[in-house]
Amino acid sequence: MKNRYLEAGKIVNTHGIAGEVKILPWADEPEFLLDFYTLYIDGKPIQLLSGRVHKNCVLAKLQGVTDVNEAMKLRDKVVCIDREDVELEPGAFFLADLMGLEVRDADTGEVLGQIADVLTPPASNVYVVRGGKKEHMIPAVEEFIAETNVDEGYIRVRLIEGM
């Protein structure tokens, strides 16, 4: 079952004296967070009153946070979003939904393990697959990923010699 709330970033610092916080977003683009009216911190909803991107972070004004002292209390807190508030493009999915998916060889059907981690270097994501005969690190690109079926709980991959 998919989690309703998804981790979307972390408050890493305060900004200024008026209670703004600096959020390091965990999304492809920091602007993603600006699409939400409500964020969740410690499971509680908090309104995003305003925000702007600054150096790959989001400087945010949150409801009820009026000074630097209140903002400091939020430092190191994880910011979540409600998946119901997101409309993904067809074929898109959240990285969190990949965790634990069964990974199968597209040619043989052999189960290679489960996705244990997703690395996000600049070029493309890399799926770390564990639980099979050996660990695999599979680039998340068309050449290697034959099918991603989050709803059915599996990914089919094409491996090359030595992978």
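Since the model is a prediction, treat every value here as computed from it, not as a measurement. (Residues numbered from 1 in each chain as written. Predicted model: local features only at pLDDT ≥ 70, side-chain atom pairs only at ≥ 80, totals over all residues. Heavy atoms only, no water.)

**Notes on the sheet that holds strand E11 (residues 145-149)**
Here is step 1: If you trace the six strands from one edge of the open sheet to the other, you get E10-E9-E8-E7-E12-E11, paired in mixed fashion. Each end of this open sheet is capped by a strand with a single partner; those strands are strand E10 (136-139) and E11. Averaged over neighbouring strand pairs, the angle between their axes works out to 30 degrees when direction is ignored.
Here is step 2: Both E11 and strand E12 (residues 154-157) contribute to a ladder of four bridges, which runs antiparallel. Paired with Ile145 across the two strands is Val157, which belongs to E12. (Pairing = 2+ DSSP bridges. Helix = DSSP H or I, 4+ residues; strand = E, 2+ residues; numbered from the N terminus. Axes fitted to C-alpha atoms, helices over the stretch in contact; angles between N-to-C directions.)

**Observations concerning the environment of Lys22**
Here is step 1: Examined against the element boundaries, Lys22 turns out to sit in strand E2 (residues 20-25).
Here is step 2: Spatially, the C-alpha atom of Lys22 lies 9.3 Å from that of Ala71, the residues being 49 residues apart in sequence.
Here is step 3: Leaving out residues up to four positions away in the same chain, Lys22 has contacts with Lys10, Ile11, Val12, Asn13, Cys57, Val58 and Leu59. (Contact = heavy atoms within 4.5 Å.)

**Looking at the pairing of E12**
Here is step 1: Note: strand E7 (residues 102-105) against E12, four bridges, orientation parallel. What sits directly across from Glu102, in E12, is Tyr154.
Here is step 2: As consecutive antiparallel partners, E11 and E12 are separated by four residues, and within that stretch Gly153 has a phi angle of approximately 85 degrees, a positive value.

**Topic: the packing of aromatic side chains**
Here is step 1: Scanning the model with the defined rule gives two aromatic pairs in all.
Here is step 2: Summarising the aromatic geometry, the rings of Tyr5 and Tyr40 are spaced 4.7 Å apart at their centres and angled 55 degrees between planes, so their arrangement reads as tilted. With Tyr5 in strand E1 (residues 5-15) and Tyr40 in strand E3 (residues 38-41), the pair connects residues that are 35 residues apart, well separated along the chain.
Here is step 3: In this structure Tyr40 comes out as buried when scored by relative accessible area, which is 12%.
Here is step 4: Against the face of Tyr154 rests Arg104, its NZ or CZ located 4.1 Å from the ring centre. (Phe/Tyr/Trp six-rings, centres within 6.5 Å; stacked < 30°, edge-to-face > 60°. Buried < 20%, exposed > 50% of the residue type's maximum accessible area, 1.4 Å probe, protein only. Lys NZ or Arg CZ within 6 Å of the ring centre and 35° of its normal.)

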